[in-house]
Structures are given as structure tokens and as C-alpha cells.
Amino acid sequence: MRCIAGAGGMRSGVMAWALDLYGFEVLLIQGGYKSFRQWARRQFAAPYSFRILGGMTGSGKTRLLAALKTSAEQVVDLEDLAQHQGSSYGTMNKMVQPTQEQFENNLAWRLKDLDTARQVWIEDENMNIGKIIIPRPLWENLVSAPTFNIEVAHEERVASLVREYGSLDPDFLVACTQRIHKRLGPLQTTQAITAIRENRMADFIRLVLVYYDKAYSKALAGKISARLFTLLLSGGTDMEKARELIEFNHTIATER
């Protein structure tokens, strides 16, 4: 097992010695942990060529990112690093978010391997992912990057979300729904909770999608039109969709 220790003082040296004694492979950071944090912050300001993968809730963006990675594209999965899916239901009743500092360290470690001369696919997110905040230098890069808005048939999205959320604890879903009651409205909140209790998951999903679709449409309207590209991707496997997206991006880049 590999351990990393700061090399900023005697305590780090003693800890490294002790770990080495017990068979750990120990790496010492020159300059200590403060030096590492300074290095991490520099990663956020690097000139990455981002491609933002957008789309309404249930469009399969996370699966598409995985397919892009399999297709040898550079990918950063912020939701995986933040351990949150970016909505009221984002912890999925099982994920525990890291501290802000640990998230930044993990993100920097992921960014260090990227080739800044090549495009990097990353999911469209708010600046906040649960309790985690995307570092401002990176966020400013994301805001100015081109967005590829993926359109998927509504019922395909509903079916996808039923598969994803249908097995979750009903009490968890109810609690999450109650947290957004002001945005859903009293009638829709009551109807959504009733649908959860009666195990009518498709009805529950359709009700909450009304709110999330409006919120995403509003966010999309705020993007620079010249950097917003829409692609219909209903049907087909995730790998087929990834290939179509890669080709679409290539066409856009060629035209520009």
C-alpha cells in the first residue's frame, strides 16, 4: 500500500519512517502539505479545453461520460469526485461527500493527468454539488466552455430514472421531496409523496421532472448561444451515443 506524507518537518519524517518499517511504500512531499495544496490550486487554473455535457435530468449524462472514457476521450466526473448527483436526491441514500479540501485534492490529482492540448468532457453542473463547491478558477473555465445539450425523449428519461431511483428507500425519497416543496409547490409535493408511498415511481418521476426541467431550461437560457449546441440522442446504446457525440463535436470544431 502506498502512503503520502508531507516532508515539512520532523513529525512527517518520523511518520514516514514508521510506515516504511511496517511495509508501506512511502512518498514524501517536498515542502510539506502546504506545498501540495499550492500545487493543487495551480491545477484548477490550467488552460483545459473543456466540452460541457449538458441535458435534462435523466438524459444519461453520467453513463455517457463513462462511454466517452471507454472511447479514449478525456473525462472528469465531478459527481463521482463529489459523491453527489447534484440534486435534492443526490446522495442516493448511500454516498457520503468528502470534505471540501479532500474533494479539491482528489480533483487536482485527476486533473494532473489531463493533456491540455486535447478536449476534456465534463458534466454540466452548478457551482455547488451538494455541499461541495467547484474551485472558482476551474468554474470560470467551465462557464466559458462550449456546452453540448443532449436531448433525450421524455419517456426514455422517465424510464431511466425509475431504474435508478425505484429501488431507493421510500422514506429517503419523501424526505428529499419535502426539502424542495417550495419549488415544487404544495399540490405537486403532496402528489409526489403519495406516488412514492403507493410505489408509483413513474408518476413520482414525472411530477418532480416538471421542476427540474424548468430549472435546467432557465440555466440553459443563460448560456452564450454561440457556445451552445443541441444534439438529439434518443435510442441506441451508450457507446453508440458516445460515438455520435464525438462525431458531432468533430463536425462543430471543423465548421468553426
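Just so it is clear, the model here is predicted, and its values are computed rather than measured. (Residues numbered from 1 in each chain as written. Predicted model: local features only at pLDDT ≥ 70, side-chain atom pairs only at ≥ 80, totals over all residues. Heavy atoms only, no water.)

A. Broad picture of the packing of helix H2 (residues 32-44) against helix H5 (residues 100-111). As a packed pair, H2 and H5 sit with axes 9 Å apart at the nearest point and diverge in direction by 65°. Here H2 runs over H5; the crossing is left-handed. Each of Tyr33, Phe36, Arg37, Trp39, Ala40, Gln43 and Phe44 in H2 lies in contact with H5, whose residues at this interface are Glu101, Glu104, Asn105, Leu107, Ala108, Trp109 and Leu111. Its residues assigned to classes, the contact of H2 with H5 comprises 9 nonpolar, 2 polar and 3 charged. (Axes fitted to C-alpha atoms, helices over the stretch in contact; angles between N-to-C directions. Helix = DSSP H or I, 4+ residues; strand = E, 2+ residues; numbered from the N terminus. Left-handed = near helix turned anticlockwise from the far one by under 90°. Contact = heavy atoms within 4.5 Å. Nonpolar A, V, L, I, M, F, W, Y, C, P; charged D, E, K, R; others polar.)

B. Quick peek at helix H11 (residues 201-221). For H11, spanning 21 residues, the distance from its first C-alpha to its last is 30 Å, which sits close to the expected 30 Å at 1.5 Å a residue. Where H11 bends most, the angle comes to about 30°, and this point is Leu209. Those residues of H11 not exposed but buried are Met201, Phe204, Ile205, Leu207, Val208, Leu209, Tyr211, Tyr212, Asp213, Tyr216 and Leu220. (Expected span 1.5 Å × (residues − 1). Bend = angle between axes of the 7 residues up to and from the residue. Buried < 20%, exposed > 50% of the residue type's maximum accessible area, 1.4 Å probe, protein only.)

C. A look at the pattern of salt bridges. Summed over all chains, the structure comprises 11 salt bridges. In this structure, Glu104 engages Arg37 in a salt bridge whose closest nitrogen and oxygen atoms are separated by 2.8 Å. Placement of the pair is Glu104 in helix H5 and Arg37 in helix H2, with a sequence separation of 67 residues. Across the pair, Arg37 and Glu104 agree in class, each one buried. With a shortest N-O distance of 2.8 Å, Arg200 and Glu198 are connected by a salt bridge. Here the residues in one salt-bridge network are Glu155, Glu198, Arg200, Asp203 and Arg206, joined through shared partners. (Salt bridge = Lys/Arg side-chain N within 4 Å of Asp/Glu carboxyl O.)

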